[in-house]
Amino acid sequence: MQLIDGKKVAEEIKKEIALEVDKIVASGKRPPHLAAVLVGHDGGSETYVAYKIKDCEAVGFRSSLIRYEDDVTEEELLSKITELNNDNELDGFIVQLPLPKHISEQKVIEAIDPKKDVDGFHPVNVGRTVIGLPAYVSATPYGIMELIRRYNIEISGRNCVVVGRSQIVGRPVSILLSQKGVDATVTVAHSRTKNLEKICAEADILVAALGSPEFVKGHMVKEGAVVIDVGTTRIPSKETKSGWKLKGDVMFSEVAEKCSFITPVPGGVGPMTRVSLLKNTLLAAKKEIY
Ligand code: NAP
């Protein structure tokens, strides 16, 4: 079994991005610039946005944080988005989700100019991804594909099973894996899937993205399969200072000994998700998608 080291690959990609930033700056242009809009004080969102800002600093990007209190109106937020869409000093921006209930997330996502939508959530970017046009692909699916590519894992003609069909992970991963040129045969499983254990056990590549800790057990995995564990559920822990630790969707102790490759949690898909936002921002700065 080989461990797929997402942390190491993400560090490599960060170095590659930093070199590109050096070239951009050496050519007399400003560095790539990412903005994050954060509404309220949700602990998880605060942490994610802080990571995003830190990641920007690490590769030499400019970053801006725009904060609003929980009671910001939808109108105010949409007006800020229009301003950011028109800001030539900004290459891309994200609005950290979730938003308070009185604001429509879909309206907010659709208000973002697809050219600046480095989260890749706008229907234009999703649609372009589906038909195989250049697009900002959302961070987690992008990171998963890059991990598979960098470990030279054969995909073409292989039987892939994706457990989970969310808009941000399962669905886009299934689309990317089945694209022409990637050529996997893909099954998308979800909470209504019958015979899930049997379906998983037939996968050459199994992507677990359901958010149920240690759901995938040893008997559900074929000998020699590639296992990508996307799940990150916080469970209480006495071993850590924070009082919690992350658990994946795969029972690592049982599955690792059967498979050819496996991503750990933490240190697998998570770091790749973070670096993929940087990669999209670089693409935006270089105007490589649009
Ligand atoms: P989500 O929106 O809750 O979607 C979960 C999907 O799993 C749904 O399609 C659901 O089916 C399916 N599902 C749930 N229970 C199932 C079961 N028992 N059997 C089969 N399918 C089942 O979750 P998400 O946003 O995709 O996230 C999934 C996990 O990945 C979470 O742990 C999340 O924290 C993690 N995550 C990690 C990263 C990272 O960077 N590492 C990024 C994003 C998400 P239905 O559609 O039928 O409800």
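Residues numbered from 1 in each chain as written. Predicted model: local features only at pLDDT ≥ 70, side-chain atom pairs only at ≥ 80, totals over all residues. Heavy atoms only, no water.

**Overview of the site of the ligand**
Around the ligand, the structure places 21 residues, and the nearest of them are Arg165, Ser166, Ser191, Thr232 and Thr273. Contact distances for the ligand include 2.7 Å between an oxygen atom and a side-chain N or O atom of Arg165. Between Val230 and the ligand, the recorded distance is 3.4 Å, taken from a backbone N or O atom to a nitrogen atom. Compared with its free state, where it exposes 920 Å², the ligand has 68% of that area covered by protein. In terms of residue count, the dominant contributor to the shell around the ligand is helix α10 (residues 269-285) (3 residues). (Near = heavy atom within 4 Å. Polar contact = N/O pair within 3.5 Å; in protein donor to acceptor, adjacent residues only side chain to side chain. Areas by Shrake-Rupley, 256 points an atom, 1.4 Å probe, with all protein chains shown as cover. Helix = DSSP H or I, 4+ residues; strand = E, 2+ residues; numbered from the N terminus.)

**Overview of the environment of Met272**
Counting through the fold element by element, Met272 comes out in helix α10. Not counting chain neighbours up to four residues away, the residues in contact with Met272 comprise Gly6, Val9, Ala10, Ile13, Ala139, Gly143, Glu146 and Leu147. (Contact = heavy atoms within 4.5 Å.)

**What to know about the nonpolar core**
One recurring pattern in soluble globular proteins is that nonpolar side chains are buried together. Ranked by size, the top nonpolar core spans 50 residues in total, and within it Ile17, Phe61, Ile153, Leu177, Val207, Ile228 and Val230 carry the most contacts. Top element by residues in this core is α10. It accounts for 8 residues. Counting the residues that make up this core, at least three belong to each of domain 1 (33-113) and domain 2 (139-269). If sequence neighbours within four positions are ignored, Val230 has contacts with Thr140, Ile144, Val169, Val207, Ala208, Ala209 and Val269. Counting 18 residues, the second largest nonpolar core, distinct from the first, contains Ala189, Cys200, Val227 and Ala256. (Core = buried A, V, L, I, M, F, W, Y, C linked by side-chain atoms within 4.5 Å. Buried < 20%, exposed > 50% of the residue type's maximum accessible area, 1.4 Å probe, protein only. Domains from an automatic or database assignment.)

Honestly, it's all geometry; don't read function into it.
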